[in-house]
Amino acid sequence: MDYVSALVPPVVMAAFFIGLVVTIVKSQGGANKAKEDAAVDAVLSRAEATRQSTPRS
């Protein structure tokens, strides 16, 4: 039974990782792509504006 307890954590982690990859692949593109791209662009422009407004030494 030691082999079962040794194999359970890697199997659980593998299943979780496969589910994560499937979720990421399914969420790429589609109807939400424009909304996600707009959110990323907003964050990047805000970061750029903050970087430019802070005085450099």
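Residues numbered from 1 in each chain as written. Predicted model: local features only at pLDDT ≥ 70, side-chain atom pairs only at ≥ 80, totals over all residues. Heavy atoms only, no water.

## Digging into the overall build of the protein chain
The condition is simple: Numbering of helices and strands runs from the N terminus; a helix is a DSSP stretch of H or I covering at least four residues, while a strand is a stretch of E covering at least two. In this description the radius of gyration comes from C-alpha coordinates, and the expected globular size is given by 2.2 Å times residues to the power 0.38. Between buried and exposed lies partly exposed: a residue is buried under 20% and exposed over 50% of the maximum accessible area for its type, with that area taken using a 1.4 Å probe on protein chains only. Only the protein chains shown count as covering a residue, and every accessible area follows the Shrake-Rupley method with a 1.4 Å probe. Lys and Arg are tallied as positive, Asp and Glu as negative. Neither His nor the chain termini are counted. Think of each charge as sitting on NZ of Lys, CZ of Arg, CG of Asp or CD of Glu.
Of the regular secondary structure elements, the protein chain holds two helices and zero strands. Compactness check: the protein chain gives a C-alpha radius of gyration of 21 Å against a globular reference of 10 Å for 57 residues, more than 25% above the reference. The principal-axis extent of the C-alpha atoms belonging to the protein chain is close to 65 × 40 × 10 Å. The 57 residues of the protein chain split such that 0% are buried. On the protein chain, roughly 5,200 Å² of surface is accessible, and the fraction owed to carbon and sulfur atoms is 70%. Side chains of the protein chain carry 6 positive and 5 negative charges; the gap between the two charge centres is 8 Å.

## Regarding a nonpolar patch on the surface
Where we set the bar: Grouping into patches uses exposed residues only, defined as over 30% relative accessible area, and leaves out salt-bridged ones; the cut-off is 9 Å for like charges and 5 Å for nonpolar side chains (Val, Leu, Ile, Met, Phe, Trp, Tyr). Each salt bridge in this description consists of a side-chain nitrogen of Lys or Arg and a carboxyl oxygen of Asp or Glu lying within 4 Å of one another.
Nonpolar side chains collect at one region of the surface, where M1, Y3, V4, L7, V8, V11 and V12 lie side by side and expose about 730 Å² of accessible area between them. Note on placement: M1 falls in the segment before α1 (2-27). By relative accessible area, which is 74% here, M1 ends up exposed.

## Quick word on the environment of A47
As for its position among the elements, A47 is in helix α2 (residues 33-53). Overall, the relative accessible area of 46% leaves A47 in the partly exposed class. Separated by 16 residues in sequence, A47 and A31 have C-alpha atoms that sit 26 Å apart.

## Considering α1
To be explicit about the condition: A helix is expected to span 1.5 Å for every residue after the first. In this analysis the local bend is the angle between axes fitted, respectively, to the seven residues ending at and the seven residues starting at the residue.
With 26 residues, α1 ought to run about 38 Å at 1.5 Å a step, and its terminal C-alpha atoms sit 39 Å apart, in line with that. Along α1, the largest kink reaches about 30° and is centred on V8; proline P9 follows within four residues of it.

## Focus: the environment of E48
Spelled out, the test is: The term polar contact refers here to a pair of N or O atoms within 3.5 Å; inside protein, the definition further demands a hydrogen-donor-capable atom paired with an acceptor-capable atom, and it admits residues adjacent in sequence only when both atoms are side-chain atoms.
Structurally, E48 is set in helix α2. The sequence separation of E48 and G30 amounts to 18 residues, and the corresponding C-alpha distance is 28 Å. There is a polar contact of 2.8 Å between the side chain of E48 and the side chain of Q52.

## Observations regarding the environment of T23
Mapped onto the secondary structure, T23 falls in helix α1. A C-alpha to C-alpha distance of 38 Å links T23 and S53, two positions 30 residues apart in sequence. At 2.8 Å, the side chain of T23 and the backbone oxygen of G19 are in polar contact.

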